[in-house]
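Working through the structure, step by step
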Amino acid sequence: EAGVVQSPRYKIIEKKQPVAFWCNPISGHNTLYWYRQNLGQGPELLIRYENEEAVDDSQLPKDRFSAERLKGVDSTLKIQPAELGDSAVYLCASSFSGTSPHTQYFGPGTRLLVL
Amino acid sequence: AQSVTQLGSHVSVSEGALVLLRCNYSSSVPPYLFWYVQYPNQGLQLLLKYTSAATLVKGINGFEAEFKKSETSFHLTKPSAHMSDAAEYFCAVSAAGSARQLTFGSGTQLTVLP
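Residues numbered from 1 in each chain as written. Chains lettered and ligands numbered in written order. Predicted model: local features only at pLDDT ≥ 70, side-chain atom pairs only at ≥ 80, totals over all residues. Heavy atoms only, no water.

**What to know about the sheet that holds strand E1 (residues 2-7) of chain B**
Within a sheet, each strand pairs with its neighbour through backbone hydrogen bonds, oriented either parallel or antiparallel. Residue and element names in this part refer to chain B. Taken in spatial order, the five strands line up as E1-E3-E8-E7-E6 in an open sheet, and their pairing is antiparallel. What marks the edges here is a single partner per strand, and that holds for E1 and strand E6 (56-58). Each adjacent strand pair in this sheet contributes to an overall mean axis angle of 20 degrees, direction not counted. Relative to strand E8 (residues 73-78), strand E7 (residues 64-68) runs antiparallel, the two sharing five bridges. Looking at the pairing, Ala65 lines up with Leu76 of E8. (Pairing = 2+ DSSP bridges. Helix = DSSP H or I, 4+ residues; strand = E, 2+ residues; numbered from the N terminus. Axes fitted to C-alpha atoms, helices over the stretch in contact; angles between N-to-C directions.)

**Notes on unusual backbone geometry**
One can expect most non-glycine residues to show negative phi and most peptide bonds to be in trans. Residue and element names in this part refer to chain A. The omega angle of the peptide bond from Ser7 to Pro8 is -10 degrees, so this bond is cis rather than trans. Here Pro8 is to be found in the loop between strand E1 (5-7) and strand E2 (10-13). Of the consecutive residues Gln80 and Pro81, the connecting peptide bond is found in the cis state with omega at -5 degrees. For Pro81, the position within the fold is in the loop between strand E8 (75-79) and strand E9 (88-95). Located in the positive-phi region is Asn51, a residue other than glycine, with phi close to 55 degrees. Structurally, the position occupied by Asn51 is in the loop between strand E5 (44-50) and strand E6 (53-56).

**Regarding the side chain of A:Asn30**
By the secondary structure assignment, A:Asn30 is in the loop between strand E3 (19-24) and strand E4 (31-37). Setting aside chain neighbours within four positions, we find A:Asn30 in contact with A:Tyr49, A:Glu50, A:Asn51, A:Arg69, A:Ser95, A:Phe96 and A:Ser97. (Contact = heavy atoms within 4.5 Å.)

**Quick word on the interface of chain A and chain B**
Taken together, the contact between chain A and chain B spans 24 residues of the former and 19 residues of the latter. Both sides together, the interface formed by chain A and chain B hides about 1,700 Å², and carbon and sulfur atoms give 52% of it. In this assembly, chain A and chain B are joined by zero salt bridges. Where chain A touches chain B, the interface holds five residue pairs in polar contact (both at pLDDT 80 or more). The element contributing the most residues to the side of chain A that touches chain B is E4(A), with four residues. Of the residues assigned to the side of chain A that touches chain B, the class counts are eight nonpolar, eleven polar and five charged. (Buried area = accessible area lost by both parts, 1.4 Å probe. Salt bridge = Lys/Arg side-chain N within 4 Å of Asp/Glu carboxyl O. Polar contact = N/O pair within 3.5 Å; in protein donor to acceptor, adjacent residues only side chain to side chain. Nonpolar A, V, L, I, M, F, W, Y, C, P; charged D, E, K, R; others polar.)

**A short note on the packing of aromatic side chains**
Residues and elements named next belong to chain B. Within the structure shown, the criterion is met by 13 aromatic pairs over all chains. With a centroid separation of 4.1 Å and an interplanar angle of 15 degrees, the aromatic rings of Tyr50 and Phe67 are classed as stacked. One end of the pair, Tyr50, is in strand E5 (residues 44-50); the other, Phe67, is in strand E7, and 17 residues separate them in sequence. Assessed through its relative accessible area of 10%, Phe67 is described here as buried. Taking 6.5 Å as the distance between ring centres and 85 degrees as the angle between the ring planes, the aromatic pair formed by Phe90 and Phe104 counts as edge-to-face. Here the residue Phe90 occupies a position in strand E9 (residues 87-95), and Phe104 occupies one in strand E10 (residues 103-104), the gap between them amounting to 14 residues. Residues Phe90 and Phe104 agree in their burial class; the two are buried. (Phe/Tyr/Trp six-rings, centres within 6.5 Å; stacked < 30°, edge-to-face > 60°. Buried < 20%, exposed > 50% of the residue type's maximum accessible area, 1.4 Å probe, protein only.)

**Things to note about the state of the cysteines**
Tallied over the entire structure, the rule returns two disulfides over all chains. The disulfide partner of A:Cys23 is A:Cys92, and the S-S distance across this bridge is 1.9 Å. Taking the sign of the S-S torsion, -70 degrees for the link of A:Cys23 and A:Cys92, the bridge is left-handed. With A:Cys23 in strand E3 and A:Cys92 in strand E9, this pair connects stretches of sequence that are 69 residues apart. Looking at A:Cys23, the relative accessible area reads 0%, which means it is buried. For A:Cys92, a relative accessible area of 0% corresponds to the buried category. Each disulfide pairs two cysteine sulfurs, and for B:Cys23 the partner residue is B:Cys91, the sulfurs being separated by 2.0 Å. (Disulfide = S-S within 2.5 Å.)

**Quick look at the environment of A:Phe65**
Tracing the backbone through its elements, the reader meets A:Phe65 in strand E7 (residues 65-68). Apart from the residues within four sequence positions on either side, A:Phe65 is in contact with A:Arg36, A:Leu60, A:Leu77, A:Lys78, A:Ile79, A:Asp86 and A:Tyr90.

Pasting the structure below:
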C-alpha cells in the first residue's frame with residue numbers, strides 16, 4: 001500500500017515569493033492534516049480536513065497561508081508571500097475516520113528554506 | 001486541553017544497552033497516546049499506540065511502552081539498543097473523544113554509541 005506522498009521534498013525560495021506544497025493521502029483516508037515542524041520541535045497542526053471540508057484551521061495564519069482539498073483527495077498548501085520565519089518542514093498526514101483512534105500516517109515532508 | 005512533556009531532548013546509550021525515553025502527558029479526559037520515530041529527512045513513523053486496552057503496548061522494532069495513569073506517564077523502552085535506532089522520537093497525546101487532535105512533545109534525539 002502506498003503511503004502519503006508529498007512534493008516537492010525540498011524548496012528554497014526568497015522571501016516574499018509564493019510557494020505551494022502538494023499532498024496525496026493514503027487511498028481511502030478521508031481525513032487529511034497539514035502540520036508545520038520547526039527545527040528541534042514537534043509538529044504543530046495547521047489545518048485538518050474531513051473530506052473536502054476544513055474543520056480545524058484555527059492555527060493556520062490566514063493572512064498568508066491558504067489550503068484546499070478538492071474532491072476530498074489531494075491537497076495543496078500555499079504560502080504567499082513567504083517570510084523568513086516560514087522556514088520549516090511541512091508535513092502532511094492522513095487517517096481513516098472509520099477506525100479508532102484515527103491513527104495518523106505521515107508523509108516524508110517538504111523542507112522549506114526561505115532566504 | 002492536553003499536553004506532552006518529553007524529559008531529555010538528547011539521550012545517548014551504548015549499543016546493546018537499555019533504551020528509556022520519557023514521556024509525561026496531561027489530559028482532562030482519558031487519552032490515547034502514541035510514539036512516533038523520525039529518521040533524518042523523513043516523515044514520522046508510528047512505533048506504537050495506547051488505546052485504553054492493555055497498559056503495556058508492544059510496537060515495531062522491539063519497542064514497548066507502558067501506560068501508567070497514576071504517574072501520567074507513557075515511557076518508551078527497548079531492552080537492547082541497535083545502531084539503527086538512532087533517530088528522533090516523539091510522544092503524542094489525543095483525547096479519546098477527539099482522536100484526530102494530536103498534540104506532540106518536543107522530541108528526544110536518541111544517539112546510539114558503538
